[in-house]
Amino acid sequence: MEFLTTSEAAEYVRLGERKLYELVTSGAIPCSKVTGKWLFPRRELDLWIMSGLARPAGMTAADPPPILGGSQDDLLEWTLRESGSGLASLAEGTARGVDRLLRGEVIATAVHFHGDTADDADANIAAARAAPGLHDAVLVALVRREQGLLLPSGNPRRLHGMADVLTSGARMAVRQPGAGAQMLLDALLKRAGVKPADLNRLEPPCLTGPDLAAAIRAGKADCGIATRAAAKSAGLDFVPLLWENFDLLMRQRSYFRPSIQALMGFIGGGQLKQRAAELTGYDPGPAGQIRFAA
């Protein structure tokens, strides 16, 4: 991230340094004090300017409701409760969350996209860039999460990876189309040269990770893909597959809304790190970082 000095920031936003200091003193502009000097992140300044964008009457967009859509996650739900942001959650999966964001039905959405290649490090960024009508996207890191195979306690079928699942004919609990975990499964099947129709699937699909864990715990399925945290919560065994970026996607004008700023302030604190360690399977190191801004 690029940082500007006071004089550089004043020139960048077309303000005098005296006015800039007034904004700093009142907490009205994004900045950070390092060894006695004020620094201004350029990308945050861009978002600050865009948050006050005026539109002609015919272009005025209604404020989205204080709802966070997208993927279900135990740490995220805890964060929404503890942050005091006032945000509700509507967990329907990554793709549906993006659809609701585009329609203005949620203020932000939690995403974890996966592609057809083994390198998924920037799949969320690629999806944000490609989303139609999301020319003002901001992608903020929440955590990195560990995804893997959930198995009954003791792993009775001795499944140690997707190859074992495919060769053994084990029944696999799956997620609905558009869920990030289902995108991951589809990608793994494609890399293995296996058609989704050839998988011994449990029907109907599970709507969330905890639902999938419950199906395995009840003996309805032999395995499924979800997070390590979901496995621990349900008392299931876990075989790790990969770490993924779990991000929050929103529009620039929403980033500086009080509810989102309350959430941003909370995820940068120590409570999130402590809770992530308790739940297991999370790396909160990137929490709060802006990974992409259109």
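Residues numbered from 1 in each chain as written. Predicted model: local features only at pLDDT ≥ 70, side-chain atom pairs only at ≥ 80, totals over all residues. Heavy atoms only, no water.

**Q** Would you explain the pairing of strand β5 (residues 88-91) in this entry?
**A** Moving residue by residue along a regular strand, the side chains alternate between the two faces of the sheet. Here strand β4 (residues 67-70) runs beside β5; their pairing, made up of four bridges, is parallel. Paired with G70 across the two strands is A91, which belongs to β5. For the handedness criterion, the β-α-β arrangement of β4, helix α4 (residues 74-83) and β5 is classed as right-handed. (Pairing = 2+ DSSP bridges. Helix = DSSP H or I, 4+ residues; strand = E, 2+ residues; numbered from the N terminus. Right-handed = clockwise from strand over helix to strand, strands pointing away.)

**Q** Looking at this model, I keep getting lost on helix α9 (residues 209-217). Mind explaining?
**A** Because each turn of an α-helix spans 3.6 residues, side chains separated by three or four positions end up pointing in the same direction. Within α9, the full set of buried residues consists of G209, L212, A213, A215 and I216. Down the axis of α9, the buried side of the element spans an arc of 160 degrees, and every buried residue falls inside it. Where α9 is buried, its residues touch β7 (137-151), β8 (172-175), β9 (201-206), β10 (223-227) and α10 (228-234). (Buried < 20%, exposed > 50% of the residue type's maximum accessible area, 1.4 Å probe, protein only. Arc of directions from axis to C-beta. Contact = heavy atoms within 4.5 Å.)

**Q** How should the side chain of N124 be read in this particular structure?
**A** Position of N124 relative to the elements: it lies in helix α6 (residues 123-130). Residue class for N124 comes out buried when judged on its relative accessible area of 3%. Reaching out from N124, the side chain makes a polar contact with the backbone nitrogen of F113 at a distance of 2.7 Å. (Polar contact = N/O pair within 3.5 Å; in protein donor to acceptor, adjacent residues only side chain to side chain.)

**Q** Whenever I open this one, the pairing of β9 confuses me. Can you help?
**A** Note that β8 and β9 share three bridges and pair parallel. Note on β9: the bridge partner recorded for M172 is R201. With respect to chirality, the unit in which β8 leads through helix α8 (residues 180-191) into the neighbouring parallel β9 is right-handed.

**Q** Mind showing me how you'd approach the packing of α4 against helix α12 (residues 258-267) here?
**A** If you want to describe how two helices pack, look at the angle between their axes and the distance between the axes. One can describe the packing of α4 onto α12 by two numbers: an axis separation of 10 Å at closest approach and a directional angle of 110 degrees. Taken as axis vectors, α4 and α12 run roughly perpendicular relative to one another. For the element pair α4 and α12, the recorded crossing hand is right-handed. On α12, the residues that touch W78, T79, L80, E82 and S83 of α4 are A262, L263, F266 and I267. Counted by class, the contact of α4 with α12 contains six nonpolar, two polar and one charged residues. (Axes fitted to C-alpha atoms, helices over the stretch in contact; angles between N-to-C directions. Parallel < 35°, antiparallel > 145°, perpendicular 65-115°, else oblique. Left-handed = near helix turned anticlockwise from the far one by under 90°. Nonpolar A, V, L, I, M, F, W, Y, C, P; charged D, E, K, R; others polar.)

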